[in-house]
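# Report on the structure
Given next are the chains, with one letter for each unit.
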Amino acid sequence: MKKADIVPFFATLQAANPAPRSELEYSTPFELLAAVLLSAQATDVSVNKATRKLFPVASTPQAILALGAEGLEPYIKTIGLYRSKAKHLVEACRILVERHGGEVPRTRAELEALPGVGRKTANVVLNIAFGEPTIAVDTHIFRVGNRTGLAPGKTPLEVELKLEKRVPKEFVQHAHHWLILHGRYVCVARKPKCWECAVHTFCDYKPKTPAPG
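Structure report, in brief. If you're wondering where the values come from, they're calculated on a predicted model, not measured in any experiment. (Residues numbered from 1 in each chain as written. Predicted model: local features only at pLDDT ≥ 70, side-chain atom pairs only at ≥ 80, totals over all residues. Heavy atoms only, no water.)

### Side note on the overall build of the protein
The helix and strand tally for the protein stands at 10 helices and zero strands. For the protein, the sequential pattern of α-helices and β-strands runs α-α-α-α-α-α-α-α-α-α. Taking 2.2 N^0.38 as the reference for a compact globule, 213 residues should give roughly 17 Å; the C-alpha atoms of the protein span a radius of gyration of 18 Å, in line with that estimate. Principal-axis analysis of the C-alpha atoms gives the protein an extent of 55 × 40 × 30 Å. Long-range pairs, those at least 24 residues apart, make up 59% of the contacts in the protein with a sequence separation of at least 6. Charge centroids of the protein, computed over 29 positive and 20 negative side chains, lie 8 Å from each other. (Helix = DSSP H or I, 4+ residues; strand = E, 2+ residues; numbered from the N terminus. Rg over C-alpha atoms; globule rule 2.2 N^0.38 Å. Contact = heavy atoms within 4.5 Å. Lys, Arg positive; Asp, Glu negative; His and termini not counted. Charge placed at Lys NZ, Arg CZ, Asp CG, Glu CD.)

Here is the structure:
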């Protein structure tokens with residue numbers, strides 16, 4: 001993607017969705033952290049179904065620690081890899097209580113020190129909960145970054161670092177949401193919906209997918 005096309009690319013996404021939000025349901029930084037941890041290799045829809053039952057019962061590190069992994073598993077068993085996620089979340093809660101007074105830390109290093117929390121999860125929490133200008137690269141953003149030519153890279157980290165350089169400051173705060181939603185609903189994996197894409201004129205992908213029929 002040409003440098004001159006980057007501002008209109010994001011301006012178009014912004015005009016269509018001025019205040020984008022995560023599709024995960026949460027009301028506190030801890031609930032967000034728990035939901036993102038549970039969402040690895042799972043859909044936001046499946047995580048929301050589980051947390052709608054879990055959070056009314058246990059929505060703090062202390063409450064989940066009291067449940068323990070065995071008590072937590074029935075609430076999240078519909079989510080993939082639920083046993084390992086239960087262990088990670090309980091252990092993460094233990095660290096939050098013992099080292100951080102039950103609060104979610106605000107640095108990448110402290111977040112990544114929690115079991116089950118990698119760079120992507122830390123970036124999501126930093127961006128959404130604390131307003132940091134981070135960009136979490138999941139499969140959707142990795143695909144959009146490469147397919148459009150906005151931030152080509154062979155690894156998620158390479159795409160992330162390129163996005164940090166190329167995304168104008170005025171768009172960084174919401175860039176993660178715009179790109180993930182674009183990849184989830186328009187620039188989809190098998191066949192991008194170019195015929196209904198608002199930013200297709202700025203995109204390097206060729207040949208553009210024609211409208212069905």
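That shown, we press on.
### A closer look at the packing of aromatic side chains
Throughout the structure, instances matching the rule amount to four aromatic pairs. Their ring planes at 85 degrees and their centres at 5.1 Å tell us that Phe 9 and Phe 10 sit as a pair that is edge-to-face. Each member of the pair Phe 9 and Phe 10 is classed as buried. A ring pair is formed by Phe 171 and Trp 178, whose centres lie 6.3 Å apart and whose planes are at 65 degrees; its orientation type is edge-to-face. Pairwise contacts between aromatic rings join Phe 9, Phe 10, Phe 171 and Trp 178 into one cluster. Just above the ring of Tyr 205 sits the side chain of Arg 147; from NZ or CZ to the centre is 5.3 Å. (Phe/Tyr/Trp six-rings, centres within 6.5 Å; stacked < 30°, edge-to-face > 60°. Buried < 20%, exposed > 50% of the residue type's maximum accessible area, 1.4 Å probe, protein only. Lys NZ or Arg CZ within 6 Å of the ring centre and 35° of its normal.)

### A word on the environment of Ile 79
When you line up the elements, Ile 79 lands in the loop between helix 4 (61-76) and helix 5 (82-100). Each C-alpha atom of the pair Ile 79 and Ser 39 lies 8.1 Å from the other, and the pair is 40 residues apart in sequence. Excluding residues within four positions of it along the chain, Ile 79 makes contact with Leu 38, Ala 42, Ser 46, Val 47, Ala 50 and Lys 85.

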